[in-house]
Each structure stands twice: as C-alpha cells, then as structure tokens.
Amino acid sequence: MKHFILVVSFWLVVQGAMAFQGPVQDSLNVANKKEIRHTLSLNYGMGFITSKVYDEYARRQYSWRHGKDLHAEYRFVIGRNMGLGLMWNYSYTDFKTTGIDLTYIAPEFIMQGERKHWLFSMTAGIGYAKYDDGIKNDTGFGMHYSVGAEYLITRHIGVGTDLLVVNTNFGKSDSEYYAADVINRLSLLVGLRFHL
C-alpha cells in the first residue's frame, strides 16, 4: 500500500507541473507533431523482493533481497493521454540455497502525458504470475503499478526509466525450503522505447 501511495503522489506532482504549461505553450509544443500511439519498450533493471521470504533450509528470513529484471512492454494510446498495454516481467533473485524466478504477464491501463521532448506515464494492471525456486513451482495472480519518464532522442526512439511495483499471490505454500505465499517486488527499470 505504501508503494501505491508513493506512485500516486508522484503522478499527481507530474500532472500538476504539466497543467502549468497553458494552452499557448501546448499548441507550440505539439504544432505539426504527430501524437505517439504505439510504443514498444525493452528494459533491464535491478529490483528487491520487499516481502519476507523464509528459507527453512538455511533457517533464515530474508527481506529486501536484490535481484535482476528483464522487462518488455507494448502500449497503445487511444485518446490524447489514455491507453491500454501488455507487459511481461521476469526477475531472478538469488538466495543462499537457491534462487527465485518470478514471471509476470498482465494487461494494463495507461495514462500518459507529454511535454516537449519528455513523456511521463503511469500504468496499473492485474495478471498472471509464475514462481519457481528450483524445487517447487507454482502459479498465481498479481497486480502491478508503475510510474515512468522518457526522453525522446528522435521521433521514433527514446530512453526511459520506470519504477515498477509487482505484488503476487500464490496461495499457501507447501515448499520444504521457501515459504513464498506472497512475493512483492519493487524494481527500477531502464531501457529503450520504440515509437511506431
């Protein structure tokens, strides 16, 4: 819940700043410029499992364990600043006795704003999650939300960063090694955006 409040607060600040541009500045920024409709992004990042994971074999409880992320996303903006998308996120977190693979795929709702060479976005969605610790695997569901900013290098290529929160639930675990009923992850992603 804390992550969600942080994301919403950031988005409100960005929207407030964009509101001060005024209609004249807006018309200058977008004059003779085609709006961005389709975006494909490829990202790499570092993240943390913020929920507690108990390793029975090592007799330790972990929290804020870091790992790596691979992330891909397609976005389609329907109106001026709202749209839909589909995202895929894979993360690997290493522990003392094994590691946790987490795959998450979800449709999402998008809000997007533009100012000069910058794009700002916020997403939220619910989707499918898969967990694998090398001994046991399980499937469940999850939800995600993110905020991001992108700098447009050209009309078709940009460089961006996103703060992504993925909360997943797998029900009650019967693993002998890892109790991972719920895995919450916070990631910072950086990558390329391709606009079609």
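Residues numbered from 1 in each chain as written. Predicted model: local features only at pLDDT ≥ 70, side-chain atom pairs only at ≥ 80, totals over all residues. Heavy atoms only, no water.

Participant: What's the story with the environment of Met46 in this structure? I'm lost.
Facilitator: Looking at the element boundaries, Met46 is found in strand β1 (residues 38-49). On the basis of relative accessibility, which here comes to 40%, the residue Met46 falls in the partly exposed class. In this structure, the C-alpha to C-alpha distance between Met46 and Lys68, residues 22 residues apart in sequence, is 4.6 Å. Setting aside chain neighbours within four positions, we find Met46 in contact with His66, Gly67, Lys68, Asp69, Leu186, Ser187 and Leu188. (Helix = DSSP H or I, 4+ residues; strand = E, 2+ residues; numbered from the N terminus. Buried < 20%, exposed > 50% of the residue type's maximum accessible area, 1.4 Å probe, protein only. Contact = heavy atoms within 4.5 Å.)

Participant: Even after reading the chapter, I still don't get the pairing of strand β7 (residues 118-132), so can you show me in this structure?
Facilitator: When a strand is regular, its side chains alternate between the sheet's two faces. In the sheet, strand β6 (residues 99-115) pairs with β7 via 12 bridges, with the strands oriented antiparallel. By the bridge assignment, Gln112 is partnered in β7 with Ser121. The sheet contact formed by β7 and strand β8 (residues 137-152) spans 15 bridges and is antiparallel. Following the sheet pairing, Ala129 is matched in β8 by Gly140. (Pairing = 2+ DSSP bridges.)

Participant: Is there a simple way to explain the sheet that holds strand β11 (residues 182-195) in this structure?
Facilitator: Two modes of strand pairing occur in sheets, parallel and antiparallel, and in both the strands are linked by backbone hydrogen bonds. Here eight strands make up a closed barrel; going around it, the order is β1-β4-β5-β6-β7-β8-β9-β11 and the pairing antiparallel. Mean inter-strand twist for the sheet, computed between neighbouring axes without regard to direction, equals 25°. Where strand β4 (residues 65-77) and strand β5 (residues 82-94) come together, 11 bridges link them in antiparallel fashion. Across the sheet, the residue bridging to Lys68 is Tyr92, located in β5. (Axes fitted to C-alpha atoms, helices over the stretch in contact; angles between N-to-C directions.)

Participant: What is the right way to look at unusual backbone geometry in this model?
Facilitator: Note on backbone geometry: most residues besides glycine have negative phi, and most peptide bonds are trans. Even without glycine at this site, Trp64 takes up a positive phi of about 55°. On the secondary structure map, Trp64 appears in the loop between β3 (60-62) and β4. Residue classification places Trp64 among the partly exposed positions, given a relative accessible area of 46%. In this structure, Lys116 takes a positive phi of about 50° despite not being glycine. In this fold, Lys116 is placed in the loop between β6 and β7. Judged by relative accessible area, Lys116 falls into the partly exposed class, the value being 47%.

Participant: In this structure, what is going on with the nonpolar core? I would like to understand it.
Facilitator: A general tendency of soluble globular proteins is for nonpolar side chains to be buried together. If you look at the biggest cluster of nonpolar residues, it comprises 16 residues, and the most contacted ones within it are Phe95, Ile100, Tyr104, Phe170 and Ile183. Ranked by residues supplied to this core, first place goes to β6 with four residues. (Core = buried A, V, L, I, M, F, W, Y, C linked by side-chain atoms within 4.5 Å.)

Participant: Help me understand the packing of aromatic side chains in this model?
Facilitator: The geometry of an aromatic ring pair is captured by two quantities: the separation of the ring centres and the angle between the planes. Inspection of every chain in the model, using the stated rule, returns five aromatic pairs. Ring centres of Trp118 and Tyr151 lie 5.3 Å apart, and the angle between their planes is 65°; on these two criteria the pair is classed as edge-to-face. Residue Trp118 is found in strand β7, and its partner Tyr151 is found in strand β8; the two are separated by 33 residues along the sequence. Trp118 gets classed as partly exposed once you look at its relative accessible area, which sits at 39%. Relative to Phe170, the ring of Tyr131 has its centre 5.5 Å away and its plane inclined at 45°; by these criteria the two rings are tilted. (Phe/Tyr/Trp six-rings, centres within 6.5 Å; stacked < 30°, edge-to-face > 60°.)

Participant: What is the right way to read the confidence of the model for the chain from this model?
Facilitator: The predicted structure's coordinates, where accompanied by low pLDDT, should not be read in detail. Here the chain shows a mean pLDDT of 81. Residues at 70 or above account for 77%. Within the chain, the element-level pLDDT minimum falls on helix α2 (residues 22-30), averaging 38, and the maximum on strand β9 (residues 157-169), averaging 96. Scored below 50 in pLDDT, residues 6-32 shows 24 contacts in the model against residues more than four places distant or in partner chains. (pLDDT = per-residue confidence, 0-100.)

Participant: In this structure, what is going on with the pattern of salt bridges? I would like to understand it.
Facilitator: Pairing of side chains with opposite charge becomes possible as their charged atoms draw close. Scanning all chains against the criterion turns up three salt bridges. Close ionic contact of Arg75 with Glu73 constitutes a salt bridge, the shortest N to O distance being 3.2 Å. Across the pair, exposure class does not vary: Arg75 and Glu73 are buried alike. Asp162 is the salt-bridge partner of Arg193, the closest N and O atoms lying 2.5 Å from each other. Here Arg193, found in strand β11, pairs with Asp162, found in strand β9; they are 31 residues apart in sequence, far enough to count as distant. (Salt bridge = Lys/Arg side-chain N within 4 Å of Asp/Glu carboxyl O.)

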